[in-house]
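Observations on the model geometry
Listed below, chain by chain, are the residues.
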Amino acid sequence: MPRAWHLKSRPNGMPTSDNFELKEVTLADLADGQVRVRNRWLSVDPYMRGRMNDVKSYVPPFQVGEPLEGGAVGEVVESRADGFAPGDLVMHMAGWREEAVVPTAGLNKLPSIPGIGEQAFLGNLGLTGGTAYWGLLDAAQAKAGDIVFVSAAAGAVGSAVVQIAKAKGMTVIGSARGPEKCDFVKSLGADAVIDYKAGPLVKSLAEAAPKGIDVYFDNVGGDHLDAAFAHARKDARFAICGMIDGYNSGEPMAFRYIMRVIAMRIMLKGFIFTDYMPRMGEFIADMGQMVASGQVKERDTIVDGLENTPDAFLGLFTGKNTGKMLVRL
Ligand code: NAP
């Protein structure tokens, strides 16, 4: 019988392996309009931490005792749906498990693009790349000539932001943990990189961006966001994408430089990837070209085996990944 990870209990602070349970599941027989998918790649993402709390948000919370969900790429192994045949590769949201029965409404058939691995649809050509693309170009209205600061720049969304910004003619400053990740961000084309563990961010950003910043792409919140307030130029635009620094703390964030929002007329814009689903075609056309031309490259951190999915997820909060964190089944 196929296995699926279930939420055993709601985490308090940083989750532990005790919050998860791997159990066998019985799959229902296929109804018309459904397919059975065997997963090949699972995505683990920081937003899943929010779904483990029993709070109302932009996606419903996971239920205790039920399987977890998330982006996945798999192969159709049985079909009772028009347009889907065994062997087709599909993307869907029944992740954290080996097999699932999925209705066609929840499936996207993957195109075969020479040189592009199927897992890219969980990375640069999927939620990750789309979040970077729309956050930078629409939420923050970034344009050629802007000085852009992006946090978690060695991560999945951050590394895409660095590369898109460079492809579009911007100056980019990234921040990441430790010299190895900083070298990686530099290799993506960033003009300057801050190791945020090496010293106070307000000082490091002053050195990396002596003229200040026009755009901040926030993946972290906390001291990163505060340093961005401190060094924002007039009419700076902040895309508020995520605040991973606060996902496990339970404490409100404090800001020392937030008053600069007034003097610098800073615009803050929160956004969610799904806001841009109607514009998916536009994204694929432009990002597809940047990927095909090699301007945007994919780096994945791959963890093998369904049993290691919780570890891969937990690793996001301790920086175990460079680029996109994926589980390969
Ligand atoms: P990711 O950046 O690949 O992985 C998380 C990274 O965050 C880690 O590698 C780590 O890098 C860094 N990190 C973890 N804890 C930190 C802390 N306390 N302070 C500073 N950095 C920390 O994950 P991702 O999927 O690309 O997501 C990045 C952000 O975008 C997250 O905040 C996520 O919630 C958000 N997001 C938002 C949307 C949306 O629709 N708005 C969609 C996708 C993702 P270091 O080792 O460099 O610290």
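Residues numbered from 1 in each chain as written. Predicted model: local features only at pLDDT ≥ 70, side-chain atom pairs only at ≥ 80, totals over all residues. Heavy atoms only, no water.

Moving on, we get to the domain arrangement of the protein chain. Interface size is commonly expressed as the accessible surface area that is lost when the partners come together. According to the domain assignment, the protein chain contains domain 1 (3-123 + 299-328) and domain 2 (127-274). Using only C-alpha atoms to locate each centre, domain 1 and domain 2 end up separated by 28 Å. The partner domain 2 presents 14 residues to the 19 residues of domain 1 that form the contact. Counting each side, the surface lost to burial between domain 1 and domain 2 is near 1,300 Å², with a carbon and sulfur contribution of 57%. Across the contact surface, domain 1 and domain 2 share zero salt bridges. At the junction of domain 1 with domain 2, the criterion picks out seven residue pairs in polar contact (both at pLDDT 80 or more). Of the residues that constitute the side of domain 1 that touches domain 2, the class distribution is eight nonpolar, seven polar and four charged. (Domains from an automatic or database assignment. Contact = heavy atoms within 4.5 Å. Buried area = accessible area lost by both parts, 1.4 Å probe. Salt bridge = Lys/Arg side-chain N within 4 Å of Asp/Glu carboxyl O. Polar contact = N/O pair within 3.5 Å; in protein donor to acceptor, adjacent residues only side chain to side chain. Nonpolar A, V, L, I, M, F, W, Y, C, P; charged D, E, K, R; others polar.)

Moving on, we get to helix H8 (residues 280-292). Between its terminal C-alpha atoms H8 stretches 17 Å, which fits the 18 Å expected from 13 residues at 1.5 Å a residue. For H8, every residue scored as buried is listed here: Phe283, Met287, Met290 and Val291. Along the axis of H8, the buried residues cluster in a sector spanning 95 degrees; they form a single face. Among the exposed residues of H8, those oriented more than 90 degrees off its buried face are Gly281, Gln289 and Ala292. (Helix = DSSP H or I, 4+ residues; strand = E, 2+ residues; numbered from the N terminus. Expected span 1.5 Å × (residues − 1). Buried < 20%, exposed > 50% of the residue type's maximum accessible area, 1.4 Å probe, protein only. Arc of directions from axis to C-beta.)

What follows is about the packing of aromatic side chains. The tally for this structure, following the rule as stated, stands at 13 aromatic pairs. Between the aromatic rings of Phe20 and Phe313, the centroid separation amounts to 6.3 Å while the plane-to-plane angle is 75 degrees, which identifies the pairing as edge-to-face. Taken together, the residues Phe20 in strand S2 (residues 20-24) and Phe313 in helix H9 (residues 309-315) connect sequence positions 293 residues apart. Since its relative accessible area comes to 5%, Phe20 is described here as buried. The exposure class assigned to Phe313 is buried, which follows from its relative accessible area of 0%. Of the aromatic side chains, those joined through ring pairs into one cluster are Tyr133, Trp134, Phe217, Phe271, Tyr276 and Phe283. Here Lys109 stacks its cationic end above the ring of Phe84, 5.5 Å away from the centre of that ring. The side chain of Arg299 reaches across the aromatic face of Phe184, ending 4.8 Å from its centre. (Phe/Tyr/Trp six-rings, centres within 6.5 Å; stacked < 30°, edge-to-face > 60°. Lys NZ or Arg CZ within 6 Å of the ring centre and 35° of its normal.)

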